[in-house]
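Next come the chains, spelled out residue by residue.
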Amino acid sequence: MPATTDGRTSGGAFPATYVETADDARRVERAAAGANTLAVDCEAAGYHRYSDRLCLVQLSTPSETFVLDPLALNLTPHLKPLLEDPRRRVLIHGAAYDLRLLRRDLNICVARLGDTQVAASFLGEPAVGLQALLERHLGIRVSKKFQKADWARRPLSREMIDYAAGDTRHLHQLAALLEDRLAARGRLDWATEEYRWLVESATGPDEPGVAPDPVTRVKAARKLDPRDVTALREAIAWRDGIARSLDRAPFRVASDAALLGAVLARPASVVQLARVREFPSRLAANRGRSLLAVLRRVDGLAPRELSPYPPATSRRPRRTPEAEAAFERLKTARNRAAQELGLDRGRVMANHLLREVVAAQPGNLADLRGLRDVRRWQVDVLGRDLLNALG
């Protein structure tokens with residue numbers, strides 16, 4: 001099929017409707033009420049903004065596409081009944097992040113999912129990105145013009161709205177094609193189980209975690225002395241405070257390299273700060289005095305008040321030679337199965353799951369099925385080989 005250009009308006013495709021009022025949202029409810037399947041995508045602003053808040057929700061029925069604005073109105077009462085209805089399937093491409101955005105920002109937990117990226121992975125597709133799949137299977141070339149757009153800016157241009165609509169406009173057709181091929185190969189049940197696992201993972205309780213020390217993100221920080229590490233940590237906090245106040249991604253205020261350069265140079269004036277490599281001259285002029293004050297304060301601290309680079313910690317128990325040998329045997333069995341199935345090794349079973357199998361030492365298939373995150377289809381295609389490899 002010859003490829004057609006879709007600047008996310010796909011020639012001949014139905015147009016997208018921008019939704020920013022409650023009346024418009026009620027129209028979406030009416031349009032979607034009779035659909036058994038809805039295609040959904042989310043756009044966030046994490047690349048440009050301090051937070052990755054939800055900025056757009058694209059929704060397509062089989063015949064209409066809507067681009068809904070969560071910055072203009074509360075979408076929860078309009079979308080929650082649609083997306084949480086188990087009789088209706090929600091199609092998403094690469095659903096893990098979108099499911100979490102919907103839950104976090106709209107309190108919506110999708111009930112029944114179909115994921116075209118997962119479907120493609122079970123077919124052994126060489127590339128599972130949406131653009132690659134649309135071109136390969138539907139002959140549609142998608143523009144990349146707004147791939148890194150700031151979706152939090154308003155107003156949105158008509159071109160941006162149509163671009164966003166392209167993420168859902170073709171999902172019904174793509175999903176049907178991929179799942180027909182999965183059914184023909186006896187793998188549709190595998191994908192369906194994976195869809196359910198994604199939903200359960202996104203709707204389960206969040207695991208508590210401790211935020212990492214920000215200096216650990218700067219590779220060179222490990223070699224710094226405690227005073228410079230403390231200064232770098234304070235400079236990062238200074239930069240993040242500005243980013244939060246401007247609602248701008250921190251790296252767009254100043255790079256880690258620029259902050260490290262300022263810490264090492266210890267400039268005595270705003271002019272000297274502006275000369276630090278990669279440090280934005282405008283930031284130095286407008287906010288530089290406060291950073292210089294931060295660095296002077298750190299230089300005045302007593303040694304006992306400094307906070308050095310954090311020591312390495314490991315939550316994992318030390319792996320025994322026997323466990324490592326078992327893990328290698330399981331990898332060999334997994335890799336052999338992946339080659340026979342024509343699938344990516346990680347799709348057949350990820351390494352972290354293989355390690356869980358080694359730790360659990362299941363004695364039979366029932367024990368293997370009982371392990372958290374091990375799917376039934378994995379046991380069916382790989383279970384006996386794993387048990388044999390464990391010995």
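The structure we're discussing is the one just above.
Residues numbered from 1 in each chain as written. Predicted model: local features only at pLDDT ≥ 70, side-chain atom pairs only at ≥ 80, totals over all residues. Heavy atoms only, no water.

## Some points on the state of the cysteines
For step 1, the next point in the chain: If you walk through the whole model with that rule in mind, you get 0 disulfides.
For step 2, the next point in the chain: In this structure Cys-55 is a free cysteine whose sulfur lies 10 Å from that of Cys-42, the closest cysteine sulfur available. (Disulfide = S-S within 2.5 Å.)

## Notes on the environment of Asp-23
For step 1, the next point in the chain: Looking at the element boundaries, Asp-23 is found in helix H1 (residues 22-33).
For step 2, the next point in the chain: C-alpha separation for the pair Asp-23 and Leu-130, spaced 107 residues apart in sequence, amounts to 32 Å. (Helix = DSSP H or I, 4+ residues; strand = E, 2+ residues; numbered from the N terminus.)

## Digging into the nonpolar core
For step 1, the next point in the chain: Among the nonpolar cores identified, the biggest contains 77 residues, and Leu-68, Leu-79 and Leu-83 are the most heavily contacted of them.
For step 2, the next point in the chain: Broken down by element, the residue count for this core peaks at 7 residues, all from helix H18 (residues 376-390).
For step 3, the next point in the chain: Beyond its immediate chain neighbours, meaning those up to four positions away, Leu-79 contacts Val-57, Leu-59, Leu-68, Leu-106 and Ile-108. (Core = buried A, V, L, I, M, F, W, Y, C linked by side-chain atoms within 4.5 Å. Buried < 20%, exposed > 50% of the residue type's maximum accessible area, 1.4 Å probe, protein only. Contact = heavy atoms within 4.5 Å.)

## Focus: the pairing of strand S4 (residues 54-60)
For step 1, the next point in the chain: Most of S4 sits out of view: 7 of its 7 residues are buried.
For step 2, the next point in the chain: Note that strand S3 (residues 37-44) and S4 share 6 bridges and pair antiparallel. Each bridged residue has a counterpart across the sheet, and for Val-40 the counterpart in S4 is Leu-59.
For step 3, the next point in the chain: What sits between the antiparallel neighbours S4 and strand S5 (residues 65-68) is a turn of 4 residues. (Pairing = 2+ DSSP bridges.)

## Observations regarding the sheet that holds strand S2 (residues 16-19)
For step 1, the next point in the chain: Ordered by their spatial adjacency, 6 strands build an open sheet running S2-S5-S4-S3-S6-S7, and the pairing between neighbours is mixed. With partners counted over all chains shown, the strands left at the sheet margins are S2 and strand S7 (113-115), one partner each. Sheet twist, expressed as the mean angle between neighbouring strand axes with direction ignored, is 25°.
For step 2, the next point in the chain: The sheet strands contacting helix H2 (residues 76-83) are S3, S4, S5 and strand S6 (89-92), and the helix crosses S3 at an angle near 135°. (Axes fitted to C-alpha atoms, helices over the stretch in contact; angles between N-to-C directions.)

## Looking at the pattern of salt bridges
Side-chain pairs of opposite charge can arise whenever the charged atoms involved come near each other.
For step 1, the next point in the chain: Applying the stated rule across the entire model yields 24 salt bridges.
For step 2, the next point in the chain: Two residues, Glu-234 and Arg-297, come together in a salt bridge whose shortest N-O distance is 3.0 Å. In this pair, Glu-234 sits in helix H9 (residues 226-246) while Arg-297 sits in helix H13 (residues 281-299), placing the two residues 63 residues apart along the sequence.
For step 3, the next point in the chain: Residue classification places Arg-297 among the partly exposed positions, given a relative accessible area of 44%.
For step 4, the next point in the chain: Notably, a salt bridge pairs Asp-256 with Arg-239, separated by 3.1 Å at the nearest N-O pair. Linking Asp-256 in helix H11 (residues 256-265) with Arg-239 in helix H9, this pair joins segments that are 17 residues apart in sequence.
For step 5, the next point in the chain: One continuous salt-bridge network, built from bridges that share partners, spans Asp-52, Arg-104 and Asp-105. (Salt bridge = Lys/Arg side-chain N within 4 Å of Asp/Glu carboxyl O.)

## As for the packing of helix H14 (residues 321-341) against helix H16 (residues 351-360)
For step 1, the next point in the chain: Following both chains from N to C, one finds H14 and H16 inclined at 130°, their axes separated by 9 Å at the closest point. Taken together, the axes of H14 and H16 are oblique relative to one another. H14 and H16 meet at a crossing whose hand is right-handed. Of the residues in H16, those in contact with Ala-323, Glu-324, Ala-326, Phe-327, Leu-330, Lys-331 and Arg-334 of H14 are Asn-351, Leu-354, Arg-355, Val-357 and Val-358.
For step 2, the next point in the chain: Taken together, the residues of the contact of H14 with H16 break down into 7 nonpolar, 1 polar and 4 charged. (Parallel < 35°, antiparallel > 145°, perpendicular 65-115°, else oblique. Left-handed = near helix turned anticlockwise from the far one by under 90°. Nonpolar A, V, L, I, M, F, W, Y, C, P; charged D, E, K, R; others polar.)

## Details of the environment of Ala-265
For step 1, the next point in the chain: Mapped onto the secondary structure, Ala-265 falls in helix H11.
For step 2, the next point in the chain: Classification of Ala-265 by relative accessible area gives partly exposed; the value is 46%.
For step 3, the next point in the chain: Residues Ala-265 and Val-276, spaced 11 residues apart in sequence, show a C-alpha to C-alpha distance of 7.4 Å.

## Notes on the environment of Leu-295
For step 1, the next point in the chain: Tracing the backbone through its elements, the reader meets Leu-295 in helix H13.
For step 2, the next point in the chain: Residue classification places Leu-295 among the buried positions, given a relative accessible area of 3%.
For step 3, the next point in the chain: The spacing of Leu-295 and Pro-267 is 28 residues in sequence and 9.0 Å in space, taken between C-alpha atoms.

## Some thoughts on the pairing of S5
Each regular strand carries side chains that alternate between the two faces of the sheet.
For step 1, the next point in the chain: Burial of S5 is two-sided: the residues Thr-65 and Val-67 facing one way and the residues Phe-66 and Leu-68 facing the other way are all buried.
For step 2, the next point in the chain: With 4 bridges connecting them, S2 and S5 associate as parallel partners. Within the sheet, the bridge partner assigned to Tyr-18 lies in S5 and is Val-67.

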